[in-house]
Structure formats: structure tokens, C-alpha cells
Amino acid sequence: MNVVNRAKAPTPKFFKILRTIGLALLGISGSVIAAPVALPAAVVTAAGYIAVAGGVMSAVSQVTVDDSAKKEAEEENTTQEDKPDG
């Protein structure tokens, strides 16, 4: 299974939640980094690390596959292909 198929395959509910949390972390840290006010260097550095962690969390969660849902979808496709057009 290549990366494109994994990204298109169904994702388990837990990893959908993790993906959403990762995207939220990425968005918040991005706005902290781009803030027009002067922030302490430690805050900006921490926001950079949080942005990386959020991006990795979202990427890994997106390519996680729910095997049972994928098997069900494949079975449905197989049975639909076996039916004659009518």
C-alpha cells in the first residue's frame, strides 16, 4: 500500500481526533510565531517546537488506516463489481 492509498483509506476515530488536535496546535503556534508584538525568545522557540509536533502528529494520524473499515469497503467494491449492470 503506497502513501496515496493510505491517505485516502478510512482513518480510525481516535486518530481523527489526534489529527484535529495537531492541526489546532499548528495553527496556534503559527499565530504566536507571526505575532506583531515582541514576545520573549523562549515563547517563540517553544511555539516553533509545538508547530513541528503538531505537523508530525497530523501527518502520522492521517496515514493511519482502519483495517476493518478498509476491508469492508473492499468487500463492497468486490460485490458491486460482480453484479451485472441492469
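As the structure is a computational prediction, the values presented were derived from the model and not from experiment. Every chain begins its residue count from 1, and numbering advances along the sequence as written. For this predicted model, a pLDDT threshold of at least 70 governs which residues receive local features, and a threshold of 80 or more governs which side-chain atom pairs are given and counted, while totals over whole chains, interfaces and linings are taken from all residues. With hydrogens and water stripped out, all remaining heavy atoms of the structure feed into the side-chain values.

Draft legend 1. Region of interest: the overall build of the protein chain. Under the DSSP-based scheme used, a helix requires at least four consecutive residues in state H or I and a strand at least two consecutive residues in state E, with every element numbered from the N terminus. A tally of regular secondary structure across the protein chain gives four helices and zero strands. Starting at the N terminus and ending at the C terminus, the protein chain contains elements arranged as α-α-α-α. In the protein chain, buried positions account for 14% of the 86 residues. Considering only contacts within the protein chain whose residues lie at least 6 apart along the sequence, 79% involve residues at least 24 apart. The Shrake-Rupley method, run with a 1.4 Å probe, gives the accessible areas here. Residue values count only the displayed protein chains as cover. By element, 64% of the accessible surface of the protein chain is carried by carbon and sulfur atoms, the whole surface being about 6300 Å². Exposed residues in this analysis have more than 50% of their type's maximum accessible area, buried residues have under 20%, and partly exposed residues fall in between, with area computed by a 1.4 Å probe over protein chains only. In this description, contact between two residues means that some pair of their heavy atoms is separated by no more than 4.5 Å.

Draft legend 2. Up close: helix α3 (residues 41-62). Expected span of a helix: the number of residues minus one, times 1.5 Å. Between its terminal C-alpha atoms α3 stretches 32 Å, which fits the 32 Å expected from 22 residues at 1.5 Å a residue. Among the residues making up α3, those that are buried are A47, A51, G54, S58 and S61. Considered in projection along α3, the buried side chains sweep an arc of 115° and stay on one side of the axis. Exposed side chains of α3 directed beyond 90 degrees from the buried face belong to A41, A42, Y49 and V52. Where α3 is buried, its residues touch α2 (13-33). In this context, the arc is that of the directions from the helix axis out to the C-beta atoms.

Draft legend 3. A look at the side chain of S29. Mapped onto the elements of the fold, S29 is located in helix α2. Polar contact is defined as a pair of N or O atoms within 3.5 Å, subject to the rule that within protein one atom must be able to donate a hydrogen and the other to accept it, and that residues adjacent in sequence are counted only when both atoms are side-chain atoms. Of note is the side chain of S29, whose polar atom sits 3.4 Å from the backbone nitrogen of A51. Not counting the four nearest positions on each side in its chain, S29 is found in contact with A47, I50 and A51.

Draft legend 4. Here's a closer look at the packing of α2 against α3. To define axes, lines are fitted to C-alpha atoms, for helices over the stretch in contact only, and angles between the resulting N-to-C directions are given on a 0 to 180 degree scale. Between α2 and α3, the least distance of the axes is 7 Å, while the angle of their chain directions is 155°. It follows from the interaxial angle that α2 and α3 lie roughly antiparallel. Where α2 crosses over α3, the handedness of that crossing is left-handed. Facing α2, whose interface residues are F15, L18, R19, I21, G22, L23, L25, L26, S29, V32 and I33, α3 presents V43, V44, A47, G48, I50, A51, G54, G55, M57, S58, S61 and Q62. By definition in this entry, angles of less than 35 degrees are roughly parallel, angles greater than 145 are roughly antiparallel, angles of 65 to 115 are roughly perpendicular, and the rest are oblique. Left-handed describes a crossing whose near helix is turned anticlockwise from the far helix by less than a right angle; the clockwise case is right-handed.

Draft legend 5. Looking closely at the confidence of the model for the protein chain. The predictor attaches a confidence to each residue, and that confidence, scored 0 to 100, is pLDDT. Taken residue by residue, the protein chain gives an average pLDDT of 85. The fraction at 70 or more is 88%. Within the protein chain, helix α4 (residues 67-82) has the poorest average pLDDT of any element, 71, and α3 the best, 94.

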